[in-house]
Amino acid sequence: QVQLVESGGGLVQPGGSLRLSCAASGFIFSSYPMRWYRQAPGKERELVAGITSAGGSTNYADSVKGRFTISRENAKNMVYLQMNSLKPEDTAVYYCTAFRYGYSDYWGQGIQVTVSS
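Remember, it's a predicted structure, so these values are computed and weren't measured experimentally.

*Asks:* Sorry, what's going on with the packing of aromatic side chains here?
*Replies:* Any two aromatic rings considered together are summarised by their centre-to-centre distance and by the angle between their planes. Tallied over the full model, the rule gives seven aromatic pairs. Ring plane angle 55 degrees and centroid distance 6.3 Å describe the contact between Phe-27 and Phe-29, whose orientation is recorded as tilted. For the pair formed by Phe-27 and Phe-29, the shared burial category is buried. Residues Phe-27 and Tyr-32 carry aromatic rings whose centres are separated by 5.0 Å and whose planes lie at 80 degrees to one another, so their mutual orientation is edge-to-face.

Spelled out as structure tokens, the structure:
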């Protein structure tokens, strides 16, 4: 069955860095654009970053542009989110998704990122 498993979250101080990883299985990973979303308590879900199936193109929310980098390794069925210069407002549950044209995305279970001193 389809699985997306996020790892690498945790507690970090403002200005610090974290690298989120997402391991995919149960579908042809290299055929799917991938995305990272986040949701903070009391806030709407936000699309943070996306990457095309071959990794040739990326896009970012304005709130993270220049600080976050999405990447993927199709040979390993992995997608990553490198997060630098973290701010308290980056605190959220982060989700990895596989984009499916005309259908709901496949979703991971989410992982908590907390930025606090």
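*Asks:* For this particular structure, what's the right way to read the sheet that holds strand E7 (residues 68-73)?
*Replies:* Pairing between sheet strands relies on hydrogen bonds along the backbone, with the strands arranged either parallel or antiparallel. The strand order across the open sheet formed by four strands is E1-E3-E8-E7, and the pairing between neighbours is antiparallel. In this open sheet, the two edge strands, each paired with only one partner strand, are strand E1 (3-7) and E7. When strand polarity is set aside, the average angle formed by the axes of neighbouring strands in this sheet is 15 degrees. Pairing of strand E3 (residues 18-25) with strand E8 (residues 78-83), which is carried by six bridges, proceeds in the antiparallel orientation. Following the sheet pairing, Leu-20 is matched in E8 by Leu-81.

*Asks:* Looking at this structure, I do not really get the nonpolar core. What am I missing?
*Replies:* Nonpolar side chains in soluble globular proteins tend to be buried together. Formed by 31 residues in total, the largest nonpolar core has its most connected members in Leu-4, Met-34, Trp-36, Val-79, Leu-81, Met-83 and Tyr-94. Only E3, strand E4 (34-39), strand E5 (46-51), E7, E8, strand E9 (92-98) and strand E11 (111-115) provide two or more residues apiece to this core.

*Asks:* Any chance you could explain the environment of Pro-14 here in plain terms?
*Replies:* Tracing the sequence through the fold places Pro-14 in the loop between strand E2 (10-12) and E3. Along the backbone, Pro-14 and Ser-85 are 71 residues apart, and their C-alpha atoms lie at a distance of 7.0 Å. Not counting residues within four places of it along the chain, the set of residues in contact with Pro-14 comprises Leu-86, Pro-88, Val-115, Ser-116 and Ser-117.

*Asks:* Which parts of the structure should I look at to understand the pairing of E5?
*Replies:* Regular strands place their side chains on alternate faces of the sheet. Here E4 pairs with E5 via five bridges, running antiparallel. Bridging from a neighbouring strand, Trp-36 pairs with Ala-49 of E5. Linking E4 to E5, which pair antiparallel, is a turn of six residues; within it Gly-42 sits at a positive phi near 75 degrees. In this sheet, strand E6 (residues 58-60) lies alongside E5 in antiparallel orientation, the contact comprising three bridges. Along E6, the bridge assignment pairs Gly-50 with Asn-59.

How each quantity is defined
- Residues numbered from 1 in each chain as written.
- Predicted model: local features only at pLDDT ≥ 70, side-chain atom pairs only at ≥ 80, totals over all residues.
- Heavy atoms only, no water.
- Phe/Tyr/Trp six-rings, centres within 6.5 Å; stacked < 30°, edge-to-face > 60°.
- Buried < 20%, exposed > 50% of the residue type's maximum accessible area, 1.4 Å probe, protein only.
- Pairing = 2+ DSSP bridges.
- Helix = DSSP H or I, 4+ residues; strand = E, 2+ residues; numbered from the N terminus.
- Axes fitted to C-alpha atoms, helices over the stretch in contact; angles between N-to-C directions.
- Core = buried A, V, L, I, M, F, W, Y, C linked by side-chain atoms within 4.5 Å.
- Contact = heavy atoms within 4.5 Å.

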